[in-house]
Amino acid sequence: MLTGCGINDVPDKKNTVDAAWAEVQNQYQRRSDLIPNLVRTVEGYANQEREVLTEVTEARSRASSIQLSADDLSDPAKVAQFQAAQDQLSGALSRLLVTVEAYPDLKSNQNFLALQSQLEGTENRIAVARRDYIATVQDYNREFMVLPDRWVASIFNGQYERAVPFEAVPEAQTAPEVQFGDE
């Protein structure tokens, strides 16, 4: 009888939130693993662009050093710190890909094209994982807001810690400006 009233909903939804966050981290890790290969490929063609390559490598290092466990999802400051590091890495990668436009040989290199395709696919996977995480957080947090679920959850699951949804940085609202050559 108790299972019919939703007693297991909170633990199930919390596990779903944790799993969705693990997938976000999985996709960030995939991106982090691809970056050294991309940088090495670009280095072979663009030795004079060391500053951009160094920026990408340093941003990857910072992003990889900040860990966010499922237990930290109720701490907005930790989530913001993690996301800021990931946003810095995204910005550095964007600048790297714009820099590559100056190197026609590199753009036609099969290794670079394969890595660029993998990176683009990974960015899409990150977007999907974020979207799925947002949906599961919304569902989890809703469990504690609507009646009678709110009463059942508080009786059987105790203290509620709201999961922190993903939030884009304000700069994400503006499209990056891309210039080629002397335009």
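Calculation rules
All residue numbers here refer to positions counted from 1 along the written sequence of the relevant chain. Where local features are concerned, this predicted model is filtered to residues with pLDDT of at least 70; where side-chain atom pairs are given and counted, the filter is 80 or more; whole-chain, interface and lining totals use all residues. Water and hydrogen atoms were dropped before computing side-chain values, which therefore reflect all heavy atoms in the structure. Confidence scores here are pLDDT values: one per residue, from the predictor, ranging 0 to 100. A run of H or I in DSSP becomes a helix once it reaches four residues, and a run of E becomes a strand once it reaches two; helices and strands are each numbered from the N terminus. Throughout this description, the term salt bridge denotes a Lys or Arg side-chain nitrogen within 4 Å of a carboxyl oxygen of Asp or Glu. Accessible area is worked out with a 1.4 Å probe on protein chains only. A residue is then buried under 20% of its type maximum, exposed over 50%, and partly exposed in between. To obtain an axis, a line is fitted to C-alpha atoms, over the contacting stretch when the element is a helix, and the angle between two such axes runs from 0 to 180 degrees between their N-to-C directions. Here the angle decides the label: under 35 degrees means roughly parallel, over 145 means roughly antiparallel, 65 to 115 means roughly perpendicular, and every other value means oblique. What makes a crossing left-handed is the near helix being turned counterclockwise from the far one by less than a right angle; a clockwise turn instead makes it right-handed. Contacts were defined at the residue level, with two residues in contact if any of their heavy atoms lie within 4.5 Å. Residues are grouped as follows: Ala, Val, Leu, Ile, Met, Phe, Trp, Tyr, Cys and Pro are nonpolar; Asp, Glu, Lys and Arg are charged; every other residue, Gly included, is polar. In this analysis, a patch consists of residues with relative accessible area above 30% that form no salt bridge, clustered at 9 Å for like charges and at 5 Å for the nonpolar side chains Val, Leu, Ile, Met, Phe, Trp and Tyr. For accessible areas, the Shrake-Rupley method is used with a probe of radius 1.4 Å. Any residue's cover is judged against the shown protein chains and nothing else. Side-chain atoms within 4.5 Å are what join buried Ala, Val, Leu, Ile, Met, Phe, Trp, Tyr and Cys residues into a set we call a nonpolar core.

A closer look at the confidence of the model for the protein chain
Consideration 1: Looking at the protein chain, the pLDDT average stands at 79 and 84% of residues meet or exceed 70.
Consideration 2: Ranking the helices and strands of the protein chain by mean pLDDT puts helix α5 (residues 110–143) first, with 87, and helix α4 (residues 104–108) last, with 63.

Side note on the environment of threonine 54
Consideration 1: Note on placement: threonine 54 falls in helix α2 (residues 50–65).
Consideration 2: Put simply, threonine 54 and valine 39 are 15 residues apart on the chain and 9.0 Å apart in space, counted from C-alpha to C-alpha.

A few points about the pattern of salt bridges
Consideration 1: Applying the stated criterion across every chain yields a total of seven salt bridges.
Consideration 2: The closest approach of N and O atoms between lysine 13 and glutamate 143, which form a salt bridge, is 2.8 Å. Of this pair, lysine 13 sits in helix α1 (residues 9–45) while glutamate 143 sits in helix α5; the two residues are 130 residues apart in sequence, bridging distant segments of the chain.
Consideration 3: Lysine 13 gets classed as buried once you look at its relative accessible area, which sits at 17%.
Consideration 4: A salt bridge links glutamate 55 to arginine 95, with the nearest nitrogen and oxygen atoms 2.2 Å apart. One end of the pair, glutamate 55, is in helix α2; the other, arginine 95, is in helix α3 (residues 76–100), and 40 residues separate them in sequence.
Consideration 5: On the accessibility criterion, glutamate 55 (25% relative accessible area) is partly exposed.
Consideration 6: Residue classification places arginine 95 among the partly exposed residues on the basis of a relative accessible area of 40%.
Consideration 7: Put simply, Lys13, Asp139 and Glu143 are held in one network by salt bridges that share partners.

Description of the packing of α3 against α5
Consideration 1: Between α3 and α5, whose axes approach to 13 Å, the crossing angle comes to 150°. One finds that α3 runs roughly antiparallel with respect to α5. As for how α3 packs across α5, the hand of that crossing is left-handed. Where α3 abuts α5, its residues Gln83, Asp87, Ser90, Leu93, Leu97 and Val100 lie against Phe112, Gln116, Leu119, Glu123 and Arg130.
Consideration 2: A class-by-class count of the residues in the contact of α3 with α5 yields five nonpolar, three polar and three charged.

Focus: a nonpolar patch on the surface
Consideration 1: Where nonpolar side chains cluster on the molecular surface, the patch consists of Leu147, Trp151, Ile155 and Phe156 and spans about 460 Å² of accessible area.
Consideration 2: Within the secondary structure, phenylalanine 156 sits in helix α6 (residues 149–157).
Consideration 3: For phenylalanine 156, a relative accessible area of 38% corresponds to the partly exposed category.

Here we look at the nonpolar core
Nonpolar side chains tend toward joint burial in soluble globular proteins.
Consideration 1: Grouped together as the largest cluster of nonpolar side chains are 40 residues, with contacts concentrated most on Leu38 and Tyr133.
Consideration 2: If you list the elements that add at least two residues to this core, you get α1, α2, α3 and α5.
Consideration 3: Sort the elements by how many residues they give to this core and α1 lands first, with 11 residues.

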